[in-house]
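In case you want the letters, here they are:
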Amino acid sequence: MTRYGYRPSKVAFLAHHAWSEATRGDWPPGFPEASRRAYDLATIKKWLRVFLFRFFQISQFKRSAMPNAPKVGSGGSLSPRSDWRAPSDSEATVWLEELDRNVPG
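An account of the accompanying structure is given in this report. (Residues numbered from 1 in each chain as written. Predicted model: local features only at pLDDT ≥ 70, side-chain atom pairs only at ≥ 80, totals over all residues. Heavy atoms only, no water.)

Let us look at the overall build of the protein chain. On a plain count of helices and strands, the protein chain comes out with four helices and zero strands. Taken from N to C terminus, the helices and strands of the protein chain fall in the order α-α-α-α. Out of the 105 residues belonging to the protein chain, those deemed buried represent 19%. Long-range contacts, defined as pairs at least 24 residues apart, comprise 60% of the intrachain contacts of the protein chain with a sequence gap of at least 6. In the form shown here, the protein chain has an accessible surface area of approximately 7,500 Å², with 57% of it arising from carbon and sulfur atoms. (Helix = DSSP H or I, 4+ residues; strand = E, 2+ residues; numbered from the N terminus. Buried < 20%, exposed > 50% of the residue type's maximum accessible area, 1.4 Å probe, protein only. Contact = heavy atoms within 4.5 Å. Areas by Shrake-Rupley, 256 points an atom, 1.4 Å probe, with all protein chains shown as cover.)

Time to look at the packing of helix α2 (residues 41–57) against helix α4 (residues 93–102). Where α2 contacts α4, the axes come no closer than 9 Å and their chain directions differ by 165°. Taken as axis vectors, α2 and α4 run roughly antiparallel relative to one another. As α2 packs across α4, the resulting crossing turns out to be right-handed. Note on element contacts: α4 touches α2 through Thr93, Trp95, Leu96, Leu99 and Asp100, opposite Lys45, Leu48, Arg49, Leu52, Phe53, Phe56 and Gln57. Residues of the contact of α2 with α4, tallied by class, amount to seven nonpolar, two polar and three charged. (Axes fitted to C-alpha atoms, helices over the stretch in contact; angles between N-to-C directions. Parallel < 35°, antiparallel > 145°, perpendicular 65-115°, else oblique. Left-handed = near helix turned anticlockwise from the far one by under 90°. Nonpolar A, V, L, I, M, F, W, Y, C, P; charged D, E, K, R; others polar.)

Attention shifts here to the packing of aromatic side chains. Applying the stated criterion to the full structure yields seven aromatic pairs. Measuring from ring centre to ring centre gives 5.1 Å for tryptophan 27 and phenylalanine 31, while their planes differ by 25°; the resulting arrangement is stacked. A residue is classified by how much of its surface remains accessible, and phenylalanine 31, at 31% relative accessible area, is partly exposed. Measuring from centroid to centroid gives 4.9 Å for phenylalanine 55 and phenylalanine 56, while their planes differ by 85°, and the two rings are edge-to-face. Both residues of the pair, phenylalanine 55 and phenylalanine 56, count as buried. Taken together, the aromatic side chains of Trp19, Trp27, Phe31 and Tyr39 make up a single cluster linked through ring pairs. (Phe/Tyr/Trp six-rings, centres within 6.5 Å; stacked < 30°, edge-to-face > 60°.)

Judged by side-chain polarity, Tyr4, Tyr6, Phe13 and Leu14 come together as a nonpolar surface patch covering roughly 440 Å² of accessible area. With respect to the secondary-structure elements, tyrosine 4 resides in the segment before α1 (8–19). Tyrosine 4 gets classed as exposed once you look at its relative accessible area, which sits at 63%. (Patch = residues over 30% accessible without salt bridge, like charges linked within 9 Å, V, L, I, M, F, W, Y side chains within 5 Å. Salt bridge = Lys/Arg side-chain N within 4 Å of Asp/Glu carboxyl O.)

In structure tokens, the structure reads:
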């Protein structure tokens, strides 16, 4: 989301395709079959919602160490002491609404 500007619905789509079946894809050699997990879309949506709320709504204290300013350049660290710039008064409303509107479950 932060580097490529993906909407929450696209992140949910990609996560669902990556994690919807424990038998799909290549697992690291020796990774126990019993530890392989799969997640349905409702579970992915639930935890993406938690992330969006925490990242955009309640972590202002992490961003207020630096003045509000635009980020110049691409991607990089999310540290408030290096190149991450986000408004200290941001809200998760737009992100959560997009998730609810475009992801079923």
